Amino acid sequence: MITLGKYSFGLGDRFGHQGHAQLMAIMAAAKKGVEITPVWNKSNREHIIIGTQPYDVRIEADSVTTEAGFRKPYFVDADHINLDTVDRFIDSSDFFTIDVASYIGKRADDVEIEQFLSGTSGYAGKIHIPGIDDAVKISVSGIGDIAEKYLFAAIKAGEIYKKIEKVKGAGNFVAEVSMDEVPSPQTPVELFFILKMLAGRKIPLQTIAPKFSGRFNKGVDYAGDPLQFANEFEKDLLVIDFAVKEFGLPGNLKMSIHSGSDKFTLYPIIGALIAKHDKGIHLKTAGTTWLEEVIGLATAGGEALGFVKELYMKALEKREELCAPYADVIGIDHSRLPSGEEVSGWNSSKFAGSLRHIQESPDYNSDMRQLIHVGYKLAADRMDEYFRLLDAHKDVVADCVFENIYHRHICRLFNLNI
Ligand SMILES: [Zn+2]
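Residues numbered from 1 in each chain as written. Predicted model: local features only at pLDDT ≥ 70, side-chain atom pairs only at ≥ 80, totals over all residues.

Caption draft 1: The arrangement of the overall build of the protein in detail. Within the protein, the regular secondary structure consists of 17 helices and 10 strands. By the compact-globule yardstick of 22 Å for 418 residues, the protein fits well, its C-alpha radius of gyration being 22 Å. C-alpha extents for the protein along the principal axes are approximately 70 × 45 × 40 Å. Here the protein holds 418 residues, and the buried ones make up 46% of them. Taking contacts inside the protein between residues at least 6 apart in sequence as the whole, the part at least 24 apart equals 78%. (Helix = DSSP H or I, 4+ residues; strand = E, 2+ residues; numbered from the N terminus. Rg over C-alpha atoms; globule rule 2.2 N^0.38 Å. Buried ≥ 20, exposed ≤ 12 C-beta atoms within 10 Å, placed from the backbone. Contact = placed C-beta atoms within 7 Å.)

Caption draft 2: Up close: the sheet that holds strand β3 (residues 75-81). Read around the barrel, eight strands follow the order β1-β2-β3-β4-β7-β8-β9-β10 and close on themselves; strand pairing throughout is parallel. Strand-to-strand twist across the sheet, computed as the mean angle between neighbouring axes with direction ignored, equals 25°. Helix-sheet contacts for helix α5 (residues 140-168) involve β4 (95-99) and β7 (174-178), and the interaxial angle to β4 is about 155°. (Pairing = 2+ DSSP bridges. Axes fitted to C-alpha atoms, helices over the stretch in contact; angles between N-to-C directions.)

Caption draft 3: View of the environment of L117. Assignment of secondary structure puts L117 in helix α4 (residues 110-120). For L117, a count of 17 C-beta atoms within 10 Å translates into the label partly exposed. Taking the C-alpha atoms as reference, L117 lies 6.8 Å from G144; in sequence the two are 27 residues apart. In this structure, L117 is in contact with I143, G144 and A147, ignoring residues within four places of it in sequence.

Caption draft 4: Examining the domain arrangement of the protein more closely. Per the domain assignment, the segments of the protein are domain 1 (7-287) and domain 2 (290-400). Taking the mean C-alpha position of each, domain 1 and domain 2 sit 30 Å from one another. Taken together, the elements giving at least two residues each to the side of domain 1 that touches domain 2 come down to α1 (19-31) and α2 (44-50). The greatest single-element share of the side of domain 1 that touches domain 2, amounting to three residues, is contributed by α2. Among the residues forming the side of domain 1 that touches domain 2, the class breakdown is six nonpolar, seven polar and six charged. (Domains from an automatic or database assignment. Nonpolar A, V, L, I, M, F, W, Y, C, P; charged D, E, K, R; others polar.)

Caption draft 5: Structural view of the nonpolar core. A157 and L198 are the most contacted members of the largest nonpolar core, which totals 119 residues. Sorting elements by how many residues they give to this core places α5 first, with 12 residues. Two domains each donate at least three residues to this core, and these are domain 1 (7-287) and domain 2 (290-400). In this view, A157 contacts I98, V100, V177, L198, R201 and I203; residues no more than four positions away in its chain are not counted. (Core = buried A, V, L, I, M, F, W, Y, C linked by C-beta atoms within 7 Å.)

Caption draft 6: Quick peek at unusual backbone geometry. Within the chain, K202 stands out as a residue other than glycine whose phi angle is a positive 60°. Residue K202 is classed as partly exposed on the basis of its 13 C-beta neighbours within 10 Å. With a phi close to 60°, A286 is a non-glycine residue in the positive phi region. Look at A286 and you get buried, because 27 C-beta atoms sit within 10 Å.

Caption draft 7: View of α5. The terminal C-alpha atoms of α5 lie 39 Å apart, and with 29 residues this matches the ideal 42 Å at 1.5 Å per residue to within 8%. In α5, a bend of some 45° at Y150 exceeds every other bend along the element. Just past α5, the residue G169 takes up positive phi, approximately 90°. (Expected span 1.5 Å × (residues − 1). Bend = angle between axes of the 7 residues up to and from the residue.)

Caption draft 8: Quick peek at helix α6 (residues 188-200). Here α6 contains 13 residues, and its C-alpha end-to-end distance of 18 Å stays within 8% of the 18 Å for a straight helix at 1.5 Å per residue. Burial of α6 is extensive: 11 of the 13 residues sit out of reach of the surface. Residues of α6 that are buried include every one of P188, E190, L191, F192, F193, I194, L195, K196, M197, L198 and A199, and no others. Backbone geometry just downstream of α6 places K202 in the positive-phi region, at approximately 60°.

Caption draft 9: Molecular detail of the pairing of β7. Across the five residues that make up β7, a large majority, five, are buried. Side chains of β7 alternate between two faces, with V174, E176 and S178 and A175 and V177 buried alike. With five bridges joining them, β4 and β7 adopt parallel strand pairing. Across the sheet, I98 pairs through a bridge with V177, a residue of β7. In the sheet, β7 pairs with strand β8 (residues 205-209) via four bridges, with the strands oriented parallel. The residue of β8 that forms the bridge with S178 is A209.

Here it is as structure tokens:
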């Protein structure tokens, strides 16, 4: 079976130009003794907005790894696919994020539910999960509620998995199940029974992406209670450990955090807890690579700065349309967005500083950052010009991309001295 390494990073690269700089960050971590498997991911939504094909990501991943002489495993992730969208990803991907969010809350038929309940009746009462001090209490009706909420989604995950397996063959790809894009978080006890359901559908799950408490808005830091997150995250780690043994799931099954990028408050917490329990992690992050391209062009000045200023003005104009597909995962205070007139007078450092995710910087503006983050369609609309500028300022942009992934993400997660 193809297995995913202990540590892996999901790297987003919307326009397919920064794979090399991203890989350099992964290789810099290896030099410091942290082996991270790169996974290039791109969702159906991003492909549609930009007009790319899943195969483009494969070409990028293959070429940047070959050029760099990178001989370790790497993957191409069909990100957040479901039964309707999986087909065109199958050939070019070897990692599948099976998204069951839209199936959660739909009821499986009675026979399935009864079957599940008869197989889990032994867990009613108290479940002792090694490492968790207090036994987890759950009643028969509590298990019933979980089955009503999640069993249908698990059955669908099984169908999607089978569809992929039929083409690729068992063991030739990594399967993840994601449930993060939903309004309410899953509790550790729910996660336990969800894993039971997925094991029951014979999915050789290697990563699972639950939803945690708090907000994981795109491109900005975590908004929520870090202590509560730490508590949930640690329990989830222990639940996964127990479920692996209990249900015969793959031994390397690990947590996948769909961070929406830049959850800087959480990285040290996650890093400390996986070290404490000697666990792996898949961190899906850096869809903000696109933002680093904008920051790089702003830094380059001249025509490139003019281009990104125009892009911001257009984004202001079209903000409703741009924000709509991301409504659940952004939180923009529109009153904090600078006007086009104001921005037109900015120099490189002011523009780049407003977007660069350094919270201590007086220029940093998280609202403007989020708006540009969802505004990549505007660059896609002027693709030739955009690519010409990216090529002309290749080095400065690559530096921004590297700095972001290596220093702001990897070093924080693995507590590396910069
Ligand atoms: Zn996600």
